[in-house]
Amino acid sequence: MERTVTATPPGARGTARPAPTHPQPHHDNGHPLRVAIIGGGPGGLYAAALLKRLDPSRDITVWERNAPDDTFGFGVVLSDETLGGIEHADPEVYEALQQHFTRWDDIDIVHRGTRHTSGGHGFAALGRQRLLEILHARCRDLGVDLRFHTEAPEDLPHTHDLVIAADGIHSITRETHADVFRPRVTTHRCRYIWLAADFPFDSFRFEIAETEHGVMQLHGYPYAPDASTVIIEMREEVWHAAGFDELGEAESIERCAKIFAEALRSRPLQSNNSTWTTFRTVVNDRWSHGNVVLLGDAAHTAHFSIGSGTKLAVEDALALAACLEERDTLPEALAAYEAERRPVVASTQRAARASLEWFENLPLYLDQPPRQFAFNLLTRSRRVTHGNLRLRDAHFTQKMEREFGCPPGTPPMFTPFRLRGLTLRNRVVVSPMDMYSAVDGVPGDFHLVHLGARALGGAGLVMTEMVCVSEEGRITPGCTGLYTGRQAEAWKRITNFVHTRAPGTAIGVQLGHSGRKGSTKLMWEGMDEPLEEGNWPLVAPSALPYKPFSQTPRELSRAQLTDIREQFTASAVRAARAGFDLLELHCAHGYLLSGFLSPLTNRRTDAYGGSLEKRLRFPLEVFDAVRNVWPGERPMTVRVSATDWAEGGTSAEDAVEIARAFAAHGADAIDVSTGQVVADERPEYGRSYQTPFADRIRHTTGIPVIAVGAISSWDDVNSLILAGRTDLCALARPHLYDPHWTLHAAAEQGYTGPGAPWPAPYRAGSRRPQTGRLDAPKPRLDLGGADARGR
């Protein structure tokens, strides 16, 4: 929870703990009385005002290299949350801001001549220059020393108790101590330029221009009765192709005005020393060093498409001031400030990254129907979802649902989906999850109850764990198999239960071979650790151990490749006879077939290694052999790792070509996961973090996809399906937490249709009073990272 700083007496408006009206000097506890602030932007100025207001005895100086009226950009958007913090901390600043706000509710998306409007969003903006003037005045009234046209002295850490580095994205302070802060700066793919128009838009406007050089987009919003911010953005290659790299400022602005003449009402654009630039995401491992602390863009950046730069800086100032008041020593205060702000910033940066990448990949979505394109844009950051968009604008959302094909009262997740001869009654998949509970590869009562319970729970498709094609292909001694008749009979018992007791639920089998990741302990005894005894020999594309202490596999010979291919086909024949409705070939997560696909694990120099085409050869041979024996009317899917999360590994572009190759050979859908290929991976975890890879494959190739990875709420499922980012959603941990997740999702949305029928013995429970509704999504289960082992 974020805290607010306040000097309001107890019992007055607001819930934050009040600060003393006349703080007493702290006694030998590091309370900073001499404070230096480097940078006169909104974050630095607001920090100065807060700290001086809380303790008038403080000596606070702000150093700003530019003039007081120098500013870059035009309008600033602040959220209600941020404004609430300002109101509690300093009502005078809040009242001054209120007098200048421009407010609006609508977002307009204009695409291929069609404009769709979504309302109920609630924005407040004002000019950046006006914001600075308000903060300048407040600082002067409080007695803050503002020094413009002045570089900050280098010895500030020695002459002051606290130094706040609010010196922006190009922070000299951060770079001076880069060995401590350890900044990581990522430069992105689009060029953009900040401009202004001399009239107010009546909404937040997104407009797409498809030019002979490529796609360009306009982001525009009002910030004054007679002015709007206008940002023009395009991919780097489009910028070059259009010749903007050779144009001066005036020519660039004139050309932009012509391209977006309709949106701009044929009026000119205005500049303020505007230049084309690329956005850079700044992340720091640490935010403080001794008595120096980073604030705002010096510590972190978030893409302008979610309007969070000034918001984050102001909230940093609020949190820093609160921590300095609450903690006994400066080190404790700075540690508390970072601990409080880091998760908030990380969440915002994840949303900003999703939004940024959506615009980078904008050409992928151009052929979507206009309203779906608009819905996709509105939900791009994953912060706006189907559920809260229904609250904001039910009319827009209901129209989108009808266009998608949802019958009245049917959420998107409960619409059917067809794969070859199999029609799934809804879009929910129970993701494959290894249970490590078999004996000699035979699934037992545990598997019957585990898979049976989830089938009764309403999902459209329930997947087995990775079922191994040979004894040597197991991950652990507890893994299931389909390499004996006894195992096949045990699986048939389970499929019979699903088909007779949960009619309408499909059950799929995932076939795989562990490769170099086999012969390890059960997950809860030591994941990926070699067995202490009873090890079996491992094989892999190349003789590379998974971890330094792992067993080194033997590189597969041609004869062994043939043997393994036959093991897959024999297992597929048993799977068909066992009654499975769908078969998935496991080519992900560093197991045998995945090991061929990744350049990090395939170092072969023969026909099965080298180029992507050669690395695909054996997995495609296996796929073809399995498809040949798998019943023609039953679908086959392929699970892939769309990135290795490691330098030099499978790229997003590689993943598209891998998916395209499997589809050309007859795959009905691609199950898009990521990672677990190499032990030194660095995944970028977050809500629905793997979905963009599925989205890219779907829109680049047209192949149906299954999205996985920290999808935990029915609201997320509805959002992803309706936006067209995936066709099916596979959930793992939510189904471990609640086997009846799908039925409960239906009940919470008030849905009682054929997409989620309750089993006859359970129907009495379906009629219990419901507290959840479609317009009030259930809070998400906090999953932390990836799906449970994500097999």
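Residues numbered from 1 in each chain as written. Predicted model: local features only at pLDDT ≥ 70, side-chain atom pairs only at ≥ 80, totals over all residues. Heavy atoms only, no water.

Caption draft 1: Structural context of the overall build of the protein. What the protein contains, in helices and strands, is 27 helices and 29 strands. Each principal axis of the C-alpha atoms in the protein carries an extent, and together these give about 85 × 60 × 60 Å. Split into buried and exposed, the 791 residues of the protein put 60% on the buried side. Put simply, of all contacts in the protein between residues at least 6 apart along the chain, 73% involve residues at least 24 apart. By element, 49% of the accessible surface of the protein is carried by carbon and sulfur atoms, the whole surface being about 30500 Å². Put simply, the protein has 85 plus and 98 minus side-chain charges, and the middle of one group is 6 Å from the middle of the other. (Helix = DSSP H or I, 4+ residues; strand = E, 2+ residues; numbered from the N terminus. Buried < 20%, exposed > 50% of the residue type's maximum accessible area, 1.4 Å probe, protein only. Contact = heavy atoms within 4.5 Å. Areas by Shrake-Rupley, 256 points an atom, 1.4 Å probe, with all protein chains shown as cover. Lys, Arg positive; Asp, Glu negative; His and termini not counted. Charge placed at Lys NZ, Arg CZ, Asp CG, Glu CD.)

Caption draft 2: Focus on the sheet that holds strand β17 (residues 292–294). The sheet built from six strands is open, its strands ordered β8-β2-β1-β9-β17-β16 with mixed pairing. The open sheet has two edge strands with one neighbour each: β8 (145–147) and β16 (288–289). Pairing between strand β1 (residues 34–38) and strand β2 (residues 59–63): five bridges, direction parallel. Along β2, the bridge assignment pairs Ile 38 with Trp 63. Against the sheet, helix α1 (residues 42–54) touches β1, β2, β8 and β9 (162–165), its axis set at about 170° to β2. (Pairing = 2+ DSSP bridges. Axes fitted to C-alpha atoms, helices over the stretch in contact; angles between N-to-C directions.)

Caption draft 3: Broad picture of unusual backbone geometry. The phi torsion at His 149 lies on the positive side, around 55°, for a residue other than glycine. Relative to the helices and strands, His 149 is located in the loop between β8 and α5 (156–159).

Caption draft 4: Quick look at the confidence of the model for the protein. For the protein, the average pLDDT comes to 91, and 93% of its residues sit at 70 or higher. Across residues 1–29 the pLDDT falls below 50, and counting only partners more than four positions away or on other chains, this stretch makes 46 contacts in the model. In the model, residues 770–791 has pLDDT below 50 throughout and makes 74 contacts with residues more than four positions away in sequence or in other chains. (pLDDT = per-residue confidence, 0-100.)

Caption draft 5: Structural context of helix α16 (residues 485–501). When the terminal C-alpha atoms of α16 are compared, their 24 Å separation across 17 residues agrees well with the 24 Å that a helix rising 1.5 Å per residue should span. Buried residues of α16: Gln 487, Ala 488, Ala 490, Trp 491, Ile 494, Thr 495 and Val 498, and no others. Take α16 and look down its axis: the buried residues cluster within an arc of 165°, on one side only. Turned more than 90 degrees away from the buried face of α16, the exposed residues are Arg 486, Glu 489, Thr 500 and Arg 501. Packing partners of the buried residues in α16 comprise α15 (445–456), β21 (461–468), β22 (506–512) and α18 (558–578). (Expected span 1.5 Å × (residues − 1). Arc of directions from axis to C-beta.)

Caption draft 6: Spatial organisation of the pairing of strand β12 (residues 214–224). The buried count for β12 comes to 11 of 11 residues, which makes it a mostly enclosed element. Inspection of the sheet shows strand β11 (residues 204–211) paired to β12 by seven bridges, in the antiparallel sense. Looking at β12, one finds that Phe 206 is bridged to His 219. The loop that links β11 with its antiparallel partner β12 comprises two residues. With eight bridges joining them, β12 and strand β13 (residues 227–235) adopt antiparallel strand pairing. Residue His 219 lies in a different strand from β13, and its bridge partner there is Ile 231. The hairpin formed by β12 and β13 contains two residues between the paired strands.

Caption draft 7: Region of the structure containing the sheet that holds strand β4 (residues 102–104). The sheet built from three strands is open, its strands ordered β3-β7-β4 with antiparallel pairing. Looking along the sheet, the strands with just one partner apiece sit at the ends: β3 (75–78) and β4. Each neighbouring strand pair of the sheet contributes to a mean axis angle of 30°, computed without reference to strand direction. Here β3 runs beside strand β7 (residues 123–127); their pairing, made up of four bridges, is antiparallel. Across the sheet, the residue bridging to Gly 75 is Gly 127, located in β7. Its contacts with the sheet place helix α2 (residues 80–89) against β3, β4 and β7, and it is angled at close to 85° to β3.

Caption draft 8: Focus on the packing of aromatic side chains. Tallying each qualifying case throughout the model produces 25 aromatic pairs. With 5.2 Å between their ring centres and 20° between their planes, Trp 104 and Phe 123 make a pair best called stacked. Taken together, the residues span a long stretch of sequence, with Trp 104 in strand β4 and Phe 123 in strand β7 at a distance of 19 residues. Residue classification places Trp 104 among the buried positions, given a relative accessible area of 7%. Judged by centre distance (5.3 Å) and plane angle (55°), the ring pair of Phe 123 and Phe 204 falls under tilted. A residue pair is termed long-range when its members are at least 10 positions apart, and Phe 123 in strand β7 and Phe 204 in strand β11 qualify at 81 residues. Note on accessibility: Phe 123 and Phe 204 belong to one class, buried. (Phe/Tyr/Trp six-rings, centres within 6.5 Å; stacked < 30°, edge-to-face > 60°.)

Caption draft 9: Just the packing of helix α10 (residues 309–326) against helix α11 (residues 330–360), in detail. The interhelical angle for the contact between α10 and α11, taken along N-to-C directions, is 150°, at an axis separation of 8 Å. Relative to α11, the element α10 lies roughly antiparallel. Crossing hand, α10 versus α11: right-handed. Here Leu 312, Glu 315, Asp 316, Ala 319, Leu 320, Cys 323 and Leu 324 of α10 lie close against α11, whose contacting residues are Leu 330, Ala 333, Leu 334, Ala 336, Tyr 337, Glu 340, Arg 341, Val 345 and Thr 348. (Parallel < 35°, antiparallel > 145°, perpendicular 65-115°, else oblique. Left-handed = near helix turned anticlockwise from the far one by under 90°.)

Caption draft 10: Representation of the packing of α1 against α2 in the model. For the pair α1 and α2, interaxial distance at closest approach is 11 Å and the crossing angle is 30°. With respect to α2, the element α1 is oriented roughly parallel. Residue-level inspection shows Tyr 46, Leu 50 and Arg 53 of α1 in contact with α2, the latter providing Gly 85, Ile 86 and Ala 89. Its residues assigned to classes, the contact of α1 with α2 shows four nonpolar, one polar and one charged. (Nonpolar A, V, L, I, M, F, W, Y, C, P; charged D, E, K, R; others polar.)

Caption draft 11: Structural view of the environment of Ala 152. If you trace the backbone, Ala 152 turns up in the loop between β8 and α5. With relative accessibility at 25%, the residue Ala 152 sits in the partly exposed group. Sequence separation between Ala 152 and Glu 64 is 88 residues, and the spatial gap between their C-alpha atoms is 7.4 Å. With sequence-adjacent residues up to four places away left out, Ala 152 is seen in contact with Ile 38 and Trp 63.

Caption draft 12: Highlighting a nonpolar patch on the surface. Together, Met 523, Trp 524 and Met 527 give the surface a local cluster of nonpolar side chains, amounting to about 310 Å² of exposed area. Counting through the fold element by element, Trp 524 comes out in helix α17 (residues 523–526). Trp 524 gets classed as exposed once you look at its relative accessible area, which sits at 54%. (Patch = residues over 30% accessible without salt bridge, like charges linked within 9 Å, V, L, I, M, F, W, Y side chains within 5 Å. Salt bridge = Lys/Arg side-chain N within 4 Å of Asp/Glu carboxyl O.)

Caption draft 13: How the structure looks around the pattern of salt bridges. Under the counting rule described, the total for this entry stands at 43 salt bridges. For Arg 147, the salt bridge is made with Asp 145, and the minimal N-O distance between the two is 2.9 Å. Asp 145 sits in the partly exposed class, given a relative accessible area of 29%. A salt bridge links Asp 285 to Arg 184; its shortest N-O distance comes to 2.3 Å. Placement of Asp 285 in the loop between β15 (277–284) and β16 and of Arg 184 in strand β10 (residues 183–197) is noted, with a sequence separation of 101 residues between them. Classification of Asp 285 by relative accessible area gives partly exposed; the value is 33%. Connected through salt bridges with shared partners, the residues Arg 53, Asp 90, Glu 92 and Arg 138 form a single ionic network.

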